[in-house]
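Listed here are the chains, written in short residue letters.
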Amino acid sequence: MPKIDKVEVRVTDYTSRLQRTTMHGDYDTGAAGTLRGKPCLIRIFADGIIGYAQVRPTTPGHSMPDTWKSVTGAFEEIIGPMLIGRDIFDLNAIYAEFDMILPFNPVVRTLLDFALHDAQGKATGQPVYNLLGGLSQEKLPLEWSISMYDDPQRSINDALRGKQEFGINVACLKAGSPKGWRHDVESFEKLREACGPDMQLGMDPNTAWSVPETILALEATRDARLDYIEQPIERRDHTGMAHIRRNARGTMVMADEAVMSVQDAHDLAKAEACDVFCFKLYRMGGLKVAQKIAGIAEGANILINIGGLAVMSQLEAAAAAHFYASLPARRCMPAGEFIFGLGVSGEDPLVPETDFRIEDGHVVPPKGPGFGIEIDEKMLEKYTLYKEEIS
(Lines give C-alpha, C1' and ligand atoms only; values in the text may rest on other atoms or scores of the structure.)
Protein backbone atom coordinates (compact mmCIF):
# COMPACT_ATOMS: atom_id res chain seq x y z
CA MET A 1 0.00 0.00 0.00
CA PRO A 2 1.23 3.57 -0.68
CA LYS A 3 3.58 4.90 2.00
CA ILE A 4 3.97 8.61 2.67
CA ASP A 5 7.45 9.87 1.73
CA LYS A 6 6.93 13.65 1.74
CA VAL A 7 4.55 16.25 3.15
CA GLU A 8 4.36 19.79 1.82
CA VAL A 9 2.62 22.75 3.47
CA ARG A 10 1.91 26.03 1.69
CA VAL A 11 -0.03 29.24 2.11
CA THR A 12 -1.47 30.46 -1.20
CA ASP A 13 -2.77 33.80 -2.42
CA TYR A 14 -6.07 34.92 -3.93
CA THR A 15 -6.65 37.04 -7.01
CA SER A 16 -9.47 38.99 -5.35
CA ARG A 17 -10.47 39.98 -1.82
CA LEU A 18 -13.66 39.03 0.02
CA GLN A 19 -14.84 41.21 2.92
CA ARG A 20 -18.00 40.46 4.85
CA THR A 21 -19.47 41.45 8.22
CA THR A 22 -20.71 39.02 10.87
CA MET A 23 -21.35 39.25 14.59
CA HIS A 24 -17.84 37.83 15.15
CA GLY A 25 -16.29 40.75 13.31
CA ASP A 26 -14.90 41.28 9.83
CA TYR A 27 -14.52 38.25 7.58
CA ASP A 28 -11.60 39.32 5.41
CA THR A 29 -9.34 37.33 3.11
CA GLY A 30 -6.78 40.14 3.26
CA ALA A 31 -4.83 42.15 0.74
CA ALA A 32 -2.94 40.37 -2.02
CA GLY A 33 0.52 39.20 -0.96
CA THR A 34 -0.27 39.08 2.77
CA LEU A 35 -0.43 35.81 4.71
CA ARG A 36 -3.21 36.62 7.15
CA GLY A 37 -6.59 35.55 5.81
CA LYS A 38 -5.16 33.21 3.18
CA PRO A 39 -5.75 29.46 2.79
CA CYS A 40 -3.32 26.72 3.77
CA LEU A 41 -2.66 23.96 1.24
CA ILE A 42 -1.27 20.54 2.05
CA ARG A 43 0.18 17.96 -0.31
CA ILE A 44 0.88 14.40 0.83
CA PHE A 45 3.21 12.40 -1.46
CA ALA A 46 2.99 8.60 -1.36
CA ASP A 47 4.63 6.35 -3.96
CA GLY A 48 3.80 8.70 -6.84
CA ILE A 49 0.34 9.64 -5.56
CA ILE A 50 -0.31 13.21 -4.40
CA GLY A 51 -3.18 13.95 -2.03
CA TYR A 52 -4.29 17.59 -1.90
CA ALA A 53 -6.16 19.60 0.69
CA GLN A 54 -6.90 23.30 1.14
CA VAL A 55 -8.65 25.12 3.99
CA ARG A 56 -8.67 28.78 4.99
CA PRO A 57 -8.25 29.31 8.76
CA THR A 58 -11.02 31.78 9.65
CA THR A 59 -9.32 33.11 12.80
CA PRO A 60 -9.43 35.86 13.99
CA GLY A 61 -13.09 36.42 14.63
CA HIS A 62 -14.89 33.15 14.00
CA SER A 63 -14.72 30.92 17.10
CA MET A 64 -11.79 28.87 15.76
CA PRO A 65 -8.32 28.44 17.27
CA ASP A 66 -6.17 27.87 14.15
CA THR A 67 -4.24 30.51 12.21
CA TRP A 68 -1.97 30.07 9.20
CA LYS A 69 1.00 30.02 11.61
CA SER A 70 -0.46 27.35 13.86
CA VAL A 71 -1.34 25.21 10.83
CA THR A 72 2.04 25.46 9.11
CA GLY A 73 3.89 25.04 12.40
CA ALA A 74 1.89 21.93 13.30
CA PHE A 75 2.67 20.25 10.00
CA GLU A 76 6.32 21.25 9.98
CA GLU A 77 7.11 20.26 13.56
CA ILE A 78 4.62 17.52 14.49
CA ILE A 79 2.24 16.12 11.87
CA GLY A 80 4.61 16.01 8.90
CA PRO A 81 7.33 13.99 10.68
CA MET A 82 4.65 11.72 12.17
CA LEU A 83 3.31 10.88 8.69
CA ILE A 84 6.56 9.87 7.01
CA GLY A 85 6.51 6.15 6.28
CA ARG A 86 2.81 5.76 7.15
CA ASP A 87 0.26 4.04 4.92
CA ILE A 88 -2.31 6.45 3.46
CA PHE A 89 -5.07 4.02 4.47
CA ASP A 90 -4.12 3.89 8.17
CA LEU A 91 -6.67 6.55 9.12
CA ASN A 92 -7.68 5.20 12.52
CA ALA A 93 -4.10 4.78 13.74
CA ILE A 94 -3.05 8.20 12.44
CA TYR A 95 -6.07 9.92 13.99
CA ALA A 96 -5.57 8.16 17.32
CA GLU A 97 -2.03 9.53 17.42
CA PHE A 98 -3.29 12.97 16.40
CA ASP A 99 -5.72 12.91 19.34
CA MET A 100 -2.83 12.38 21.74
CA ILE A 101 -0.66 15.24 20.47
CA LEU A 102 -2.98 17.90 18.93
CA PRO A 103 -6.45 17.17 20.33
CA PHE A 104 -8.00 20.47 19.30
CA ASN A 105 -6.50 21.87 16.16
CA PRO A 106 -9.46 21.26 13.84
CA VAL A 107 -8.11 22.97 10.72
CA VAL A 108 -4.89 20.96 10.97
CA ARG A 109 -6.89 17.74 11.36
CA THR A 110 -9.17 18.70 8.47
CA LEU A 111 -6.26 19.32 6.11
CA LEU A 112 -4.74 15.98 7.10
CA ASP A 113 -8.09 14.21 6.65
CA PHE A 114 -8.83 15.80 3.26
CA ALA A 115 -5.36 15.07 1.86
CA LEU A 116 -5.49 11.43 2.96
CA HIS A 117 -8.95 10.94 1.45
CA ASP A 118 -7.86 12.58 -1.81
CA ALA A 119 -4.81 10.29 -1.91
CA GLN A 120 -6.94 7.22 -1.16
CA GLY A 121 -9.33 8.08 -3.98
CA LYS A 122 -6.47 8.50 -6.43
CA ALA A 123 -4.84 5.26 -5.26
CA THR A 124 -8.07 3.31 -5.85
CA GLY A 125 -9.33 5.27 -8.86
CA GLN A 126 -12.48 6.24 -6.95
CA PRO A 127 -14.20 9.55 -6.20
CA VAL A 128 -14.18 10.29 -2.48
CA TYR A 129 -17.96 9.95 -2.19
CA ASN A 130 -17.53 6.24 -3.01
CA LEU A 131 -15.09 5.95 -0.09
CA LEU A 132 -17.79 7.48 2.12
CA GLY A 133 -20.52 5.04 1.11
CA GLY A 134 -21.47 5.96 -2.44
CA LEU A 135 -23.32 8.61 -4.41
CA SER A 136 -26.68 9.28 -2.75
CA GLN A 137 -27.31 12.65 -4.42
CA GLU A 138 -26.26 13.39 -7.99
CA LYS A 139 -27.21 17.10 -7.88
CA LEU A 140 -26.74 19.19 -4.75
CA PRO A 141 -28.88 22.28 -3.96
CA LEU A 142 -26.88 25.34 -2.89
CA GLU A 143 -27.43 28.04 -0.26
CA TRP A 144 -26.64 31.75 -0.52
CA SER A 145 -25.03 33.38 2.53
CA ILE A 146 -25.95 37.07 2.95
CA SER A 147 -23.54 39.38 4.78
CA MET A 148 -24.80 41.62 7.60
CA TYR A 149 -25.47 45.19 6.43
CA ASP A 150 -26.75 48.33 8.16
CA ASP A 151 -28.93 49.04 5.12
CA PRO A 152 -31.53 46.27 4.56
CA GLN A 153 -31.59 47.09 0.84
CA ARG A 154 -28.03 45.81 0.51
CA SER A 155 -29.13 42.47 2.00
CA ILE A 156 -31.97 42.35 -0.51
CA ASN A 157 -29.63 43.10 -3.42
CA ASP A 158 -27.25 40.39 -2.20
CA ALA A 159 -30.02 37.78 -1.99
CA LEU A 160 -31.49 38.73 -5.36
CA ARG A 161 -28.08 38.33 -6.97
CA GLY A 162 -27.96 34.74 -5.75
CA LYS A 163 -31.47 34.07 -6.96
CA GLN A 164 -31.33 35.81 -10.34
CA GLU A 165 -27.72 35.16 -11.36
CA PHE A 166 -27.25 31.62 -10.02
CA GLY A 167 -30.76 30.24 -9.49
CA ILE A 168 -30.35 29.91 -5.72
CA ASN A 169 -33.58 29.38 -3.82
CA VAL A 170 -32.20 29.12 -0.26
CA ALA A 171 -30.56 32.02 1.57
CA CYS A 172 -29.39 32.78 5.11
CA LEU A 173 -29.14 36.33 6.44
CA LYS A 174 -26.34 37.13 8.87
CA ALA A 175 -27.77 38.76 12.00
CA GLY A 176 -26.44 40.07 15.32
CA SER A 177 -26.41 43.75 14.39
CA PRO A 178 -25.02 46.18 16.98
CA LYS A 179 -28.39 47.92 16.60
CA GLY A 180 -30.07 44.93 18.24
CA TRP A 181 -32.37 42.08 17.33
CA ARG A 182 -35.19 44.38 16.25
CA HIS A 183 -32.99 45.72 13.44
CA ASP A 184 -32.25 42.13 12.42
CA VAL A 185 -35.97 41.37 12.32
CA GLU A 186 -36.67 44.49 10.25
CA SER A 187 -34.00 43.44 7.76
CA PHE A 188 -35.46 39.95 7.55
CA GLU A 189 -39.01 41.18 6.99
CA LYS A 190 -37.87 43.37 4.09
CA LEU A 191 -35.86 40.48 2.70
CA ARG A 192 -38.89 38.18 2.76
CA GLU A 193 -41.03 40.82 1.06
CA ALA A 194 -38.48 41.21 -1.74
CA CYS A 195 -37.72 37.49 -2.23
CA GLY A 196 -41.27 36.22 -1.97
CA PRO A 197 -42.79 33.15 -0.30
CA ASP A 198 -41.12 30.53 -2.51
CA MET A 199 -37.57 31.24 -1.31
CA GLN A 200 -36.40 29.42 1.81
CA LEU A 201 -34.90 32.00 4.19
CA GLY A 202 -33.02 31.60 7.45
CA MET A 203 -31.25 33.91 9.87
CA ASP A 204 -27.87 33.40 11.58
CA PRO A 205 -27.05 35.63 14.58
CA ASN A 206 -23.76 33.72 15.17
CA THR A 207 -24.37 33.59 18.98
CA ALA A 208 -25.25 37.33 19.23
CA TRP A 209 -28.66 37.04 20.89
CA SER A 210 -29.85 35.98 24.34
CA VAL A 211 -32.52 33.34 24.92
CA PRO A 212 -35.31 35.93 25.54
CA GLU A 213 -34.24 37.96 22.50
CA THR A 214 -34.33 34.86 20.31
CA ILE A 215 -37.84 33.94 21.41
CA LEU A 216 -39.01 37.52 20.83
CA ALA A 217 -37.38 37.54 17.37
CA LEU A 218 -39.03 34.22 16.46
CA GLU A 219 -42.42 35.64 17.39
CA ALA A 220 -41.75 38.90 15.55
CA THR A 221 -40.86 37.06 12.32
CA ARG A 222 -43.86 34.72 12.46
CA ASP A 223 -45.81 36.46 9.67
CA ALA A 224 -42.66 36.79 7.51
CA ARG A 225 -42.00 33.03 7.90
CA LEU A 226 -38.51 32.50 9.21
CA ASP A 227 -37.71 28.98 7.96
CA TYR A 228 -34.77 28.34 10.30
CA ILE A 229 -32.70 30.07 12.96
CA GLU A 230 -29.00 29.24 13.15
CA GLN A 231 -27.02 29.35 16.42
CA PRO A 232 -28.74 32.37 17.99
CA ILE A 233 -27.07 32.08 21.43
CA GLU A 234 -23.73 31.22 23.05
CA ARG A 235 -22.48 27.91 21.72
CA ARG A 236 -22.16 26.10 25.06
CA ASP A 237 -25.66 26.97 26.28
CA HIS A 238 -27.42 23.72 25.35
CA THR A 239 -30.16 24.32 27.93
CA GLY A 240 -30.92 27.68 26.35
CA MET A 241 -31.00 26.15 22.85
CA ALA A 242 -33.41 23.48 24.06
CA HIS A 243 -35.66 26.17 25.57
CA ILE A 244 -35.64 28.07 22.26
CA ARG A 245 -36.48 24.90 20.35
CA ARG A 246 -39.45 24.20 22.61
CA ASN A 247 -40.77 27.70 21.89
CA ALA A 248 -39.91 27.89 18.18
CA ARG A 249 -43.37 26.78 17.00
CA GLY A 250 -42.16 25.05 13.88
CA THR A 251 -39.13 27.17 12.99
CA MET A 252 -36.15 24.84 12.63
CA VAL A 253 -33.36 25.45 15.18
CA MET A 254 -29.85 24.82 13.86
CA ALA A 255 -26.68 24.31 15.92
CA ASP A 256 -23.55 25.70 14.26
CA GLU A 257 -20.79 26.94 16.57
CA ALA A 258 -22.19 24.52 19.17
CA VAL A 259 -21.25 21.40 17.18
CA MET A 260 -17.49 21.15 16.85
CA SER A 261 -16.88 17.55 17.91
CA VAL A 262 -18.44 14.12 18.38
CA GLN A 263 -18.89 14.98 22.06
CA ASP A 264 -20.70 18.22 21.21
CA ALA A 265 -23.05 16.35 18.91
CA HIS A 266 -23.80 13.78 21.60
CA ASP A 267 -24.53 16.46 24.20
CA LEU A 268 -26.76 18.48 21.86
CA ALA A 269 -28.74 15.39 20.90
CA LYS A 270 -29.11 14.38 24.54
CA ALA A 271 -30.38 17.87 25.44
CA GLU A 272 -32.82 17.86 22.48
CA ALA A 273 -31.35 21.28 21.73
CA CYS A 274 -31.71 21.47 17.95
CA ASP A 275 -33.37 20.16 14.82
CA VAL A 276 -30.33 20.52 12.57
CA PHE A 277 -26.55 20.21 12.85
CA CYS A 278 -24.53 22.59 10.66
CA PHE A 279 -21.57 20.56 9.38
CA LYS A 280 -18.57 22.80 8.84
CA LEU A 281 -15.93 20.23 8.02
CA TYR A 282 -13.02 22.54 8.87
CA ARG A 283 -14.51 22.98 12.35
CA MET A 284 -15.19 19.28 12.95
CA GLY A 285 -11.86 17.97 11.71
CA GLY A 286 -12.73 16.55 8.32
CA LEU A 287 -14.69 13.72 6.75
CA LYS A 288 -13.93 10.94 9.21
CA VAL A 289 -15.23 12.89 12.22
CA ALA A 290 -18.14 14.24 10.19
CA GLN A 291 -19.30 10.69 9.43
CA LYS A 292 -19.32 9.91 13.16
CA ILE A 293 -21.37 13.04 13.87
CA ALA A 294 -23.74 12.12 11.03
CA GLY A 295 -24.37 8.81 12.81
CA ILE A 296 -25.34 10.65 15.99
CA ALA A 297 -27.59 12.94 13.95
CA GLU A 298 -29.37 10.00 12.36
CA GLY A 299 -29.87 8.29 15.72
CA ALA A 300 -31.40 11.46 17.19
CA ASN A 301 -33.42 12.34 14.06
CA ILE A 302 -31.40 15.55 13.60
CA LEU A 303 -31.00 16.85 10.05
CA ILE A 304 -27.70 17.85 8.43
CA ASN A 305 -26.80 21.19 6.86
CA ILE A 306 -23.53 21.49 4.92
CA GLY A 307 -21.96 24.79 5.97
CA GLY A 308 -18.67 26.54 5.28
CA LEU A 309 -18.10 29.07 2.50
CA ALA A 310 -14.98 27.43 0.96
CA VAL A 311 -13.99 30.88 -0.29
CA MET A 312 -12.36 30.72 -3.73
CA SER A 313 -11.26 27.12 -3.13
CA GLN A 314 -12.39 24.38 -5.49
CA LEU A 315 -10.61 21.83 -3.31
CA GLU A 316 -12.45 22.79 -0.12
CA ALA A 317 -15.78 23.06 -1.95
CA ALA A 318 -15.23 19.65 -3.53
CA ALA A 319 -14.57 18.05 -0.14
CA ALA A 320 -17.90 19.42 1.13
CA ALA A 321 -19.68 18.34 -2.06
CA HIS A 322 -18.39 14.76 -1.80
CA PHE A 323 -19.55 14.50 1.81
CA TYR A 324 -22.93 16.04 0.95
CA ALA A 325 -23.35 13.72 -2.04
CA SER A 326 -22.78 10.66 0.16
CA LEU A 327 -25.80 11.54 2.36
CA PRO A 328 -29.41 10.66 1.53
CA ALA A 329 -31.38 13.80 0.64
CA ARG A 330 -33.96 13.11 3.33
CA ARG A 331 -31.25 13.55 5.98
CA CYS A 332 -30.26 17.02 4.75
CA MET A 333 -31.57 20.61 4.90
CA PRO A 334 -31.69 23.13 3.39
CA ALA A 335 -28.71 23.26 0.98
CA GLY A 336 -24.88 23.49 0.73
CA GLU A 337 -23.14 26.74 1.67
CA PHE A 338 -19.85 26.03 -0.13
CA ILE A 339 -21.03 28.13 -3.08
CA PHE A 340 -18.24 30.67 -2.47
CA GLY A 341 -15.78 28.07 -3.73
CA LEU A 342 -17.61 27.93 -7.06
CA GLY A 343 -16.73 31.35 -8.44
CA VAL A 344 -19.37 33.66 -6.95
CA SER A 345 -16.82 35.75 -5.02
CA GLY A 346 -13.84 35.25 -7.33
CA GLU A 347 -12.19 32.41 -9.20
CA ASP A 348 -9.85 29.89 -7.63
CA PRO A 349 -6.44 30.88 -9.03
CA LEU A 350 -5.09 27.33 -8.67
CA VAL A 351 -7.85 25.79 -10.83
CA PRO A 352 -8.20 27.96 -13.94
CA GLU A 353 -10.09 25.22 -15.84
CA THR A 354 -12.99 23.39 -14.17
CA ASP A 355 -16.47 22.06 -14.82
CA PHE A 356 -17.31 22.16 -11.10
CA ARG A 357 -19.81 24.98 -11.61
CA ILE A 358 -23.26 26.12 -10.49
CA GLU A 359 -26.17 25.20 -12.73
CA ASP A 360 -29.68 26.36 -11.83
CA GLY A 361 -28.94 26.60 -8.10
CA HIS A 362 -27.27 23.19 -7.96
CA VAL A 363 -23.86 21.60 -8.46
CA VAL A 364 -22.75 18.10 -9.48
CA PRO A 365 -19.89 16.70 -7.35
CA PRO A 366 -16.68 16.05 -9.34
CA LYS A 367 -16.49 12.47 -10.59
CA GLY A 368 -12.73 12.06 -11.00
CA PRO A 369 -10.51 10.09 -8.59
CA GLY A 370 -10.13 11.64 -5.15
CA PHE A 371 -11.85 15.00 -4.98
CA GLY A 372 -11.66 15.25 -8.77
CA ILE A 373 -9.97 18.66 -8.76
CA GLU A 374 -6.95 19.27 -11.01
CA ILE A 375 -4.48 21.80 -9.58
CA ASP A 376 -2.46 23.76 -12.14
CA GLU A 377 1.17 23.34 -11.04
CA LYS A 378 2.30 26.59 -12.66
CA MET A 379 -0.46 28.53 -10.90
CA LEU A 380 0.38 26.81 -7.62
CA GLU A 381 3.96 28.02 -7.83
CA LYS A 382 2.88 31.50 -8.93
CA TYR A 383 0.44 32.01 -6.03
CA THR A 384 2.46 30.36 -3.26
CA LEU A 385 3.25 32.83 -0.45
CA TYR A 386 4.87 30.33 1.93
CA LYS A 387 6.21 26.79 1.51
CA GLU A 388 7.92 24.12 3.60
CA GLU A 389 8.63 20.43 2.91
CA ILE A 390 8.95 17.55 5.36
CA SER A 391 10.56 14.34 4.14
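Remember, predicted model here, so these are calculated numbers, not experimental data. (Residues numbered from 1 in each chain as written. Predicted model: local features only at pLDDT ≥ 70, side-chain atom pairs only at ≥ 80, totals over all residues. Heavy atoms only, no water.)

J.: Report on the overall build of the chain, specifying residues and quantitative values.
T.: Secondary structure assignment for the chain yields 13 helices and 16 strands. A compact globule built from 391 residues would reach a C-alpha radius of gyration of about 21 Å, and the chain, at 20 Å, matches this within 12%. In terms of principal-axis extent, the alpha carbons of the chain reach across some 60 × 40 × 35 Å. With 391 residues in all, the chain has 61% of them scored as buried. For the chain, the accessible surface area stands at approximately 14900 Å², while carbon and sulfur atoms represent 48% of it. (Helix = DSSP H or I, 4+ residues; strand = E, 2+ residues; numbered from the N terminus. Rg over C-alpha atoms; globule rule 2.2 N^0.38 Å. Buried < 20%, exposed > 50% of the residue type's maximum accessible area, 1.4 Å probe, protein only. Areas by Shrake-Rupley, 256 points an atom, 1.4 Å probe, with all protein chains shown as cover.)

J.: Can you break down empty space enclosed by the protein residue by residue, with the values?
T.: Inspection of the entire model under this criterion finds five cavities of 30 Å³ or more. Reported here for the second largest cavity is a volume of approximately 90 Å³. Taken together, Phe-114, Lys-280, Leu-281, Tyr-282, Gly-307, Gly-308, Ala-310, Glu-316, Ala-319, Ala-320 and Phe-338 make up the full set of residues lining the second largest cavity. Ranked by residue count, the leading element in the lining of the second largest cavity is helix 12 (residues 314–325), at three residues. Across the lining of the second largest cavity, the residue classes break down as seven nonpolar, two polar and two charged. (1 Å grid on protein atoms, 1.4 Å probe; cavity = no way out; pocket = protein on both sides within 12 Å on 5 of 7 lines; lining within 4 Å. Points joined across faces, edges and corners; volume = space filled by probe spheres on them. Nonpolar A, V, L, I, M, F, W, Y, C, P; charged D, E, K, R; others polar.)

J.: Run through the nonpolar core, naming residues and quoting values.
T.: Phe-75, Leu-112, Phe-277, Phe-279, Phe-323 and Phe-338 are the most contacted members of the largest nonpolar core, which totals 129 residues. The element that contributes the greatest number of residues to this core is helix 12, accounting for nine residues. Setting aside residues no more than four positions away along its own chain, Leu-112 makes contact with Ile-44, Phe-75, Ile-79, Leu-83, Ile-94, Tyr-95 and Phe-98. Judged by nonpolar contacts, the second largest core, of nine residues, contains Val-170, Met-254, Leu-303 and Ala-335. (Core = buried A, V, L, I, M, F, W, Y, C linked by side-chain atoms within 4.5 Å. Contact = heavy atoms within 4.5 Å.)

J.: How would you sum up the packing of aromatic side chains? Please name residues and give values.
T.: In the structure shown here, the tally under the stated rule is five aromatic pairs. Seen in terms of ring centroids, Trp-68 and Tyr-386 are 5.6 Å apart; in terms of plane orientation they differ by 65 degrees. Their pairing is edge-to-face. Residue Trp-68 is located in helix 1 (residues 68–83), and its partner Tyr-386 is located in strand 16 (residues 384–390); the two are separated by 318 residues in the primary sequence. Residue class for Tyr-386 comes out partly exposed when judged on its relative accessible area of 21%. Ring geometry for Phe-114 against Phe-371: centres 5.9 Å apart, planes inclined by 80 degrees, an arrangement best described as edge-to-face. With a gap of 257 residues between them, Phe-114 in helix 3 (residues 106–124) and Phe-371 in the loop between strand 15 (362–363) and helix 13 (377–382) connect regions that are remote in the sequence. It is Arg-56 that lies over the ring of Tyr-27; its NZ or CZ is 4.5 Å from the centre. (Phe/Tyr/Trp six-rings, centres within 6.5 Å; stacked < 30°, edge-to-face > 60°. Lys NZ or Arg CZ within 6 Å of the ring centre and 35° of its normal.)

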